[in-house]
Amino acid sequence: DSYIRIDNVSRRYGAVKALDSVTLDIAKEEFIAILGPSGSGKSTLLRLIAGLDRPTEGHISFEGKDVTGLPPHKRGIGMVFQEFLLFPHRTVRENLAFPLRMRREPQTVIDERLEWVAGVLSLTALLDRYPSQLSGGQQQRVALGRGLIARPTLLLLDEPLANLDRELRQEMEVEIRRYQKQLGIPFIYVTHNQEEALSMSDRIAVIHNGRLEALDVRQAIYDSP
Ligand code: ADP
Ligand code: ADP
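As the structure is a computational prediction, the values presented were derived from the model and not from experiment. (Residues numbered from 1 in each chain as written. Chains lettered and ligands numbered in written order. Predicted model: local features only at pLDDT ≥ 70, side-chain atom pairs only at ≥ 80, totals over all residues. Heavy atoms only, no water.)

A. Up close: the pattern of salt bridges. Scanning all chains against the criterion turns up 12 salt bridges. Between Asp-20 and Arg-211 there is a salt bridge; the shortest N-O distance is 2.9 Å. Pair noted here: Asp-20 is in strand E2 (residues 16-26) and Arg-211 is in strand E10 (residues 211-215), with a separation of 191 residues, a long-range link. The class for Asp-20 is buried, based on a relative accessible area of 14%. For Arg-211, a relative accessible area of 44% puts it in the partly exposed group. Where salt bridges share partners, they join Lys-17, Asp-20 and Arg-211 into one cluster. (Salt bridge = Lys/Arg side-chain N within 4 Å of Asp/Glu carboxyl O. Helix = DSSP H or I, 4+ residues; strand = E, 2+ residues; numbered from the N terminus. Buried < 20%, exposed > 50% of the residue type's maximum accessible area, 1.4 Å probe, protein only.)

B. Quick peek at the packing of helix H2 (residues 92-102) against helix H4 (residues 136-148). Following both chains from N to C, one finds H2 and H4 inclined at 30 degrees, their axes separated by 7 Å at the closest point. On the basis of their axis angle, the class for H2 and H4 is roughly parallel. Between H2 and H4 lies a crossing of right-handed hand. Residues Val-92, Asn-95, Leu-96 and Pro-99 of H2 form the contact with H4, whose participating residues are Val-142, Gly-145 and Arg-146. A per-class count over the contact of H2 with H4 returns four nonpolar, two polar and one charged. (Axes fitted to C-alpha atoms, helices over the stretch in contact; angles between N-to-C directions. Parallel < 35°, antiparallel > 145°, perpendicular 65-115°, else oblique. Left-handed = near helix turned anticlockwise from the far one by under 90°. Contact = heavy atoms within 4.5 Å. Nonpolar A, V, L, I, M, F, W, Y, C, P; charged D, E, K, R; others polar.)

C. Structural detail: the site of ligand 2. Close contacts around ligand 2 come from Ser-43, Arg-47 and Asp-158, and that covers them all. Within the contact set of ligand 2, an oxygen atom lies 2.8 Å away from a side-chain nitrogen or oxygen of Ser-43. One of the side-chain N or O atoms of Arg-47 is found 2.9 Å from an oxygen atom in ligand 2. For ligand 2, whose unbound accessible area comes to 550 Å², protein coverage reaches 21%. (Near = heavy atom within 4 Å. Polar contact = N/O pair within 3.5 Å; in protein donor to acceptor, adjacent residues only side chain to side chain. Areas by Shrake-Rupley, 256 points an atom, 1.4 Å probe, with all protein chains shown as cover.)

D. Molecular detail of the nonpolar core. The biggest cluster of nonpolar side chains holds 35 residues, and the ones touching the most others in it are Leu-96, Leu-144, Leu-155, Leu-157, Ile-176 and Phe-187. Within the residue set of this core, elements represented by two or more residues are H2, helix H3 (107-120), H4, strand E7 (154-158), helix H5 (166-183) and strand E8 (187-191). The element best represented in this core is H3, accounting for five residues. Residues within four places of Phe-187 in sequence aside, it is in contact with Glu-30, Phe-31, Ile-32, Leu-155, Leu-157, Ile-176, Tyr-179 and Gln-180. Among the nonpolar cores identified, the runner-up in size contains 26 residues, and Tyr-3, Leu-24, Ile-49 and Ile-77 belong to it. (Core = buried A, V, L, I, M, F, W, Y, C linked by side-chain atoms within 4.5 Å.)

Pasting the structure below:
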């Protein structure tokens, strides 16, 4: 029942072992948090899953298919970053549609997906606005929508709430969690924030100095002083 398999993966940068023999299986309907301090290897792991970087050792497979050598656009993934990376001179509609335009999808498909994603993320009334006319939470929902519009097999999120204030962050934690359950695809959520990992995820993978130190440590975290 392993949907994503990270099999003994290492990534070295010169003398630095950014990731060291990480093995991790992720299930189809799972929300997994990758928790660790700055410099522990979280972004490296995410980049390897995305295909933005290659492991020096090991293999990554999706649904039993080895994707280790595949470029990002052939992996069927969506990504959401800390910086929303919205195009300021394009409307919400065009920001959302961008990944589909890149793939030269026909307008009928684009319209249908726009309706779907705007519905899921409550963006229907905002489609003709520009990013500067949106609140931080609305901008983050557009960034999420752009990650989801091509119907990825998994969504990678790299500290997506780090730039939001505390109240909005808590609201978005609940929303993101709900989207994941609704969509039924794995969300792999990188954070250095323990509370965020605890409140959102089904499972927590703790990484430290490039090594997977603990898995499903929820109870250990609750019990720690
Ligand atoms: P995190 O995302 O947890 O902050 P990173 O994955 O960015 O950690 O980095 C893990 C380690 O690998 C750090 O020591 C970092 O300096 C190093 N590293 C990451 N990317 C590179 C790179 N492109 N070149 C050299 N070292 C890198
Ligand atoms: P994050 O804040 O998400 O952990 P980082 O700031 O660690 O990301 O890394 C941002 C970019 O810089 C990444 O592409 C990473 O590969 C690169 N990088 C990180 N550490 C180093 C390093 N020591 N030398 C060269 N590049 C690095």
